[in-house]
Amino acid sequence: MIKSLLIANRGEIACRVIRTARRLGIRTIAVYSDADANALHVRSADEAVHIGPSAARESYLVGEKIIAAAKQSGAEAIHPGYGFLSENAAFAEAVLDAGLVWVGPKPASITAMGLKDAAKTLMIAAGVPCTPGYLGENQDPANLANEAGKIGYPVLIKAVAGGGGKGMRLVEAAEDFADALASCQREASASFGNAHVLIEKYILSPRHIEVQVFGDSFGQVVHLFERDCSLQRRHQKVIEEAPAPGMDAATREAVCAAAVRAAQAVDYEGAGTIEFIADGSEGLRADRIWFMEMNTRLQVEHPVTEEITGQDLVEWQLRVASGEKLPKTQEELSINGWAMEARLYAEDPAKGFLPSIGTLELFELGKTEGGRVDTGVYEGAEVSPFYDPMIAKLIAHGDTRDLARERLSDMLHDSAVWPVRTNAAFLINALAHPDFAAGTVDTGLIGRDGEAMATDPEPSAEMLLDAAMALVAPTLAPGFRLNAPDRRVASFLLDGERVEIELDGPGSDEPETSILIAESGKVWQLQPWREDGTGHGHAGDGTILSPMPGKIIAVEVIEGQAVTKGQKLLTLEAMKMEHSLTAPFDGVVAELKAVAGAQVQVEAVLARIEALTE
Ligand code: ADP
């Protein structure tokens, strides 16, 4: 077994790997950028090496710096986590060339599965069923449009180098193809440095089913059953579970066997995932499940597999990389109960899921029997704009699917994060959706019903009243209105909006100046309203601020133009994603500061909308 390990990653996955390595008595070495100097993974490791500026392309993505850090700290092996360099064959090769142990598959296996078009070609040859589509070299827009027509709409355009849901566009009709292609290629170039795309038939009622596979250096490959990751937002997984609802034993056997064949076809070692897309219109059927791609690394959602199999997949990775045999044979593996995982993001669903950054002044995650939390942050830590906004994974296990679902929902209900916004309330709504409860989710559910799920909950009347009472003195403070002999109505600011609350009984002897209300996975701030306007938030005044540093890539309106609530004003590219900023209410563009192509700082004023009625 290796004695020391450098983790070439950050956030929850770095912490996750460190946890198992420590348990196995392996010395752990973290790497960190400027922004991560105080990050949890740095604090959790035995040692930490600084590798450069905050931007990932100058630190976590620079292979030479990682290898130099391993040499400098005397690390024997490198674990890449997921994302960053984990599926970079050249990096894996460089690690091996430097005489280090690579905790991952052989570089040739990564290359074989690296590009979606090459992987599909290989799988077709190995007899693994694949979705119909165009995999050709000819990238001329007119030719691609022609191929899309031949496949038949709707189609998906996929960047061959894409991943994490980026670089994908669904096209419903021929007239939308050219725009979607241009936007897809733009994102693919920016994110992956490769504008090549393939076109695939879009499967209706699609369900995302994936199989965890594991190989060792003795040529053995086993599977650890399937996961269902059908609940997605813009092709990004939101909630994952294992096993898949409605999977019968024969279908499971067929899909898992196909996954093992796929892994064997690339001589696979270590942890990998074979992703399939299923046409779920008539339940899960073996003849309607097609290979989509292979991820040649550990997945974000690996904990649900760990929970149902009782295995530690990071331990498996470290053992296999150390030259040991797979810890279990296929016959020794079985499914116990059900597990579900929710990805907690620092983002604001009510504001189009814009990432939310800042200090985690409050960071509490719910606990329950069968519950598990994998996180990379702590109370007081910074959520920076530089990396993926996922701050934690909440995982619940139970004997039945309903029990796992209830436990996960309880954990989310009991979570409180502030002032950084999270998607906790959205996740609670998703878990409670009748289709999810019934286990019949297809990947389009959030696209159809997501708006209702994203609507912010209101604090309950009791919570609001309790908080209001804690903010007022026993005697009537100035500004309180006397409506009726026994009634006191006072004004407060609830998240920047003025609200009136009817009080009862005497106030607090030592009133607070501001109070947080935590309920249903959401946190609100309540403050007394002051006539002089102090504490008055920007909310509701029509100023459009840049939510994070980024680049304006399109401006859709001109000064003086009338706009309606929700109308797109401009597109900001930040954290490698395109974000639309929209009008908060009907009005007129009174001021327009945003210029296409300009780099903007967080909180920069981009535009101001003036309501028409005023
Ligand atoms: P990425 O590498 O970015 O994760 P994938 O190819 O794995 O991209 O696809 C991501 C998601 O997009 C899938 O989980 C599925 O929901 C959806 N998807 C992919 N291919 C198809 C398809 N042919 N038809 C319908 N949905 C698809």
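Residues numbered from 1 in each chain as written. Predicted model: local features only at pLDDT ≥ 70, side-chain atom pairs only at ≥ 80, totals over all residues. Heavy atoms only, no water.

Student: Quick question: what am I supposed to make of the domain arrangement of the protein chain here?
Tutor: By domain assignment, the protein chain separates into domain 1 (4-103), domain 2 (132-201), domain 3 (210-215 + 227-453), domain 4 (461-528) and domain 5 (543-611). Here the C-alpha centre of domain 4 lies 49 Å away from the C-alpha centre of domain 1. (Domains from an automatic or database assignment.)

Student: Just checking my understanding: could you explain the pattern of salt bridges for this structure?
Tutor: A side chain of one charge can pair with a side chain of the opposite charge when the charged atoms of the two come close. Taken as a whole and judged by the stated rule, the model has 46 salt bridges. The residue glutamate 610 makes a salt bridge to arginine 608 at a minimum N-O spacing of 2.9 Å. Glutamate 610 sits in the partly exposed class, given a relative accessible area of 40%. (Salt bridge = Lys/Arg side-chain N within 4 Å of Asp/Glu carboxyl O. Buried < 20%, exposed > 50% of the residue type's maximum accessible area, 1.4 Å probe, protein only.)

Student: How should I be thinking about the site of the ligand in this particular structure?
Tutor: Residues in contact with the ligand amount to 22 residues; listed here are only the nearest, Lys116, Gly165, His208, Gln232 and Glu293. Between the ligand and lysine 158 there is a distance of 2.9 Å, counted from an oxygen atom to a side-chain nitrogen or oxygen. For the ligand, whose free accessible area comes to 550 Å², the fraction covered by protein is 97%. Broken down by secondary-structure element, the contributors of at least two residues to the shell around the ligand are β7 (155-163), β8 (166-171), β9 (197-201), β10 (206-215), β13 (270-279) and β14 (289-295). Sort the elements by how many residues they give to the shell around the ligand and β7 lands first, with four residues. Both of domain 2 (132-201) and domain 3 (210-215 + 227-453) provide at least three residues apiece to the shell around the ligand. (Near = heavy atom within 4 Å. Polar contact = N/O pair within 3.5 Å; in protein donor to acceptor, adjacent residues only side chain to side chain. Areas by Shrake-Rupley, 256 points an atom, 1.4 Å probe, with all protein chains shown as cover. Helix = DSSP H or I, 4+ residues; strand = E, 2+ residues; numbered from the N terminus.)

Student: How should the sheet that holds strand β34 (residues 587-592) be read in this particular structure?
Tutor: Across a sheet, strands are paired by hydrogen bonds formed along the backbone, either parallel or antiparallel in direction. Reading across the sheet, the four strands line up as β29-β36-β34-β31 and stay open at both edges, with antiparallel pairing between neighbours. Edge strands, defined here as strands with exactly one partner in the open sheet, are β29 (543-545) and β31 (562-563). Pairing geometry for β29 and strand β36 (residues 605-611), over three bridges, is antiparallel. Bridge pairing in β36 links threonine 543 to arginine 608. (Pairing = 2+ DSSP bridges.)

Student: What should I look at first to understand the side chain of aspartate 117 in this one?
Tutor: The residue aspartate 117 is located in helix α6 (residues 116-125) in this model. With no salt bridge to any partner, buried aspartate 117 finds its closest opposite charge in lysine 116, at an N-O distance of 9.7 Å. The contact partners of aspartate 117, leaving out residues within four places of it in the chain, are Leu135, Val160, His196 and Leu198. (Lys, Arg positive; Asp, Glu negative; His and termini not counted. Contact = heavy atoms within 4.5 Å.)

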